[in-house]
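# Structural overview for review
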Amino acid sequence: MDYAKNILETIGNTPLVKLNKLTEELPCLVLAKYETFNPGNSVKDRMALKMIEDAEADGRLKPGGTIIEGTSGNTGMGLALAAIVKGYKCIFVISDKQSKEKMDILRAVGAEVVVCPTDVAPDDPRSYYSVSKRLSQETPNSWYVNQYDNPSNAKAHYESTGPEIWKQTDGKVTHFVVGVGTGGTISGVGKYLKEQNPEVKVWGIDTYGSVFKKYHETGIFDENEIYPYVTEGIGEDILPENVDFSIIDGFTKVTDKDAAVYTQLLAKEEGMFLGNSAGAAIKGLLQLKDHFTKDDVVVVLFHDHGSRYVGKMFNNDWMKKMGYID
Ligand SMILES: Cc1ncc(COP(=O)(O)O)c(C=O)c1O
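For clarity, every value in this text was computed on a predicted model and none was experimentally measured.

In this section: the packing of aromatic side chains. This structure, assessed with the given rule, holds 10 aromatic pairs. Residues F273 and F314 carry aromatic rings whose centres are separated by 4.7 Å and whose planes lie at 50 degrees to one another, so their mutual orientation is tilted. Of the two residues, F273 sits in the loop between α8 (256-270) and α9 (276-287) while F314 sits in the loop between β10 (297-302) and α10 (316-321), which places them 41 residues apart along the sequence. Residue class for F314 comes out partly exposed when judged on its relative accessible area of 23%. Three or more aromatic residues joined by ring pairs make a cluster, and in this case those are F212, Y215, F245 and F251. The positively charged end of K191 is found above the aromatic ring belonging to Y158, 4.4 Å away from the centroid.

In this section: empty space enclosed by the protein. In the structure shown here, the tally under the stated rule is 1 cavity of 30 Å³ or more. Here the largest cavity defines a volume of roughly 30 Å³. Taken together, E69, G70, Y128, Y129, S132, Y144 and Y148 make up the lining of the largest cavity. Of all elements in the fold, only β3 (66-70) and α4 (128-138) reach the threshold of two or more residues within the lining of the largest cavity. When residues of the lining of the largest cavity are assigned to their parent elements, the largest contribution, 3 residues, is made by α4.

Moving on: α8. With 15 residues, α8 extends 21 Å from end C-alpha to end C-alpha; this agrees with the ideal 21 Å at 1.5 Å per step. When we look at burial in α8, the residues that qualify are D256, A259, A260, Y262, T263, Q264, L266 and E270. For α8, the secondary structure elements touched by its buried residues are β1 (16-18), β9 (250-254), α9, β10 and α10. G271, located one to two residues past α8, shows a positive phi value of around 70 degrees.

Calculation criteria
Residues numbered from 1 in each chain as written. Predicted model: local features only at pLDDT ≥ 70, side-chain atom pairs only at ≥ 80, totals over all residues. Heavy atoms only, no water. Phe/Tyr/Trp six-rings, centres within 6.5 Å; stacked < 30°, edge-to-face > 60°. Helix = DSSP H or I, 4+ residues; strand = E, 2+ residues; numbered from the N terminus. Buried < 20%, exposed > 50% of the residue type's maximum accessible area, 1.4 Å probe, protein only. Lys NZ or Arg CZ within 6 Å of the ring centre and 35° of its normal. 1 Å grid on protein atoms, 1.4 Å probe; cavity = no way out; pocket = protein on both sides within 12 Å on 5 of 7 lines; lining within 4 Å. Points joined across faces, edges and corners; volume = space filled by probe spheres on them. Expected span 1.5 Å × (residues − 1). Contact = heavy atoms within 4.5 Å.

Below you can see the structure in the form of structure tokens.
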């Protein structure tokens with residue numbers, strides 16, 4: 001018999017799928033690393049499990065403990081699945097701009113969800129960074145995950161996602177394009193791919209309202225770059241330790257409108273029902289078209305599933321209200 005001993009054993013080994021219609025104007029092969037095949041429907045299952053296993057190994061997480069994290073949803077889902085299998089409790093702190101579906105999904109897998117305002121500075125006591133830290137100090141036998149600065153995040157992608165892409169492309173990958181939030185995915189995959197072939201180019205997708213692109217280009221953390229935006233999952237108003245700027249060749253920024261419109265197009269043109277950061281990633285990849293030539297093999301990673309966005313990017317009333325479609 002061929003079966004997994006529990007749901008966690010099904011994490012990883014996701015397919016690589018060719019894009020066809022949306023990439024028609026490009027000269028190269030474009031392949032999507034399709035992470036919704038993970039049991040929590042996102043790439044974050046990989047790093048969630050790795051962060052828990054590493055914390056168990058060095059005693060930061062103890063039997064019966066409570067896992068506390070500020071999460072926009074996907075990391076929470078991965079942590080919650082692992083917590084169920086391994087017997088931990090979860091408290092997740094989430095900002096109020098995140099979709100209601102994401103909050104409901106986290107509650108469905110047994111987590112307590114605390115909602116905080118989005119439009120406050122990271123050091124404000126109401127921010128979701130501050131609230132998660134405070135809860136971890138107040139809750140006995142708890143462990144604060146901190147996916148932004150936890151090195152196990154990028155390590156998970158260095159150990160699994162990167163090697164899978166290398167193997168699936170038979171070492172022919174020339175470019176890796178991916179949205180950047182905590183930086184774990186781009187830094188772990190990028191490091192692995194560049195170690196195999198230093199010629200591989202690594203591009204990050206950023207949003208307007210985030211600090212990454214300007215910081216990468218100038219070394220300046222410019223607070224004027226920071227303002228509220230709609231795109232979910234990518235861009236930051238902080239510099240997470242998991243973003244290794246030295247392995248990133250460049251960033252391109254995608255507007256909220258384009259990210260939303262391309263999220264719909266992926267579903268309609270490719271049959272790929274994916275989250276908002278996938279729309280941003282494919283639009284960003286198209287913006288980079290002058291960087292690609294005929295023999296290139298470009299891999300773009302799609303983080304999460306469309307079901308979490310049915311109230312927003314897949315709701316035409318919402319799209320109209322936002323001015324994204326007529
Ligand atoms: C939907 C989505 N896209 C992209 C990202 C960014 O990935 P990373 O944090 O590895 O940079 C995240 C992270 O939370 C996410 O949830």
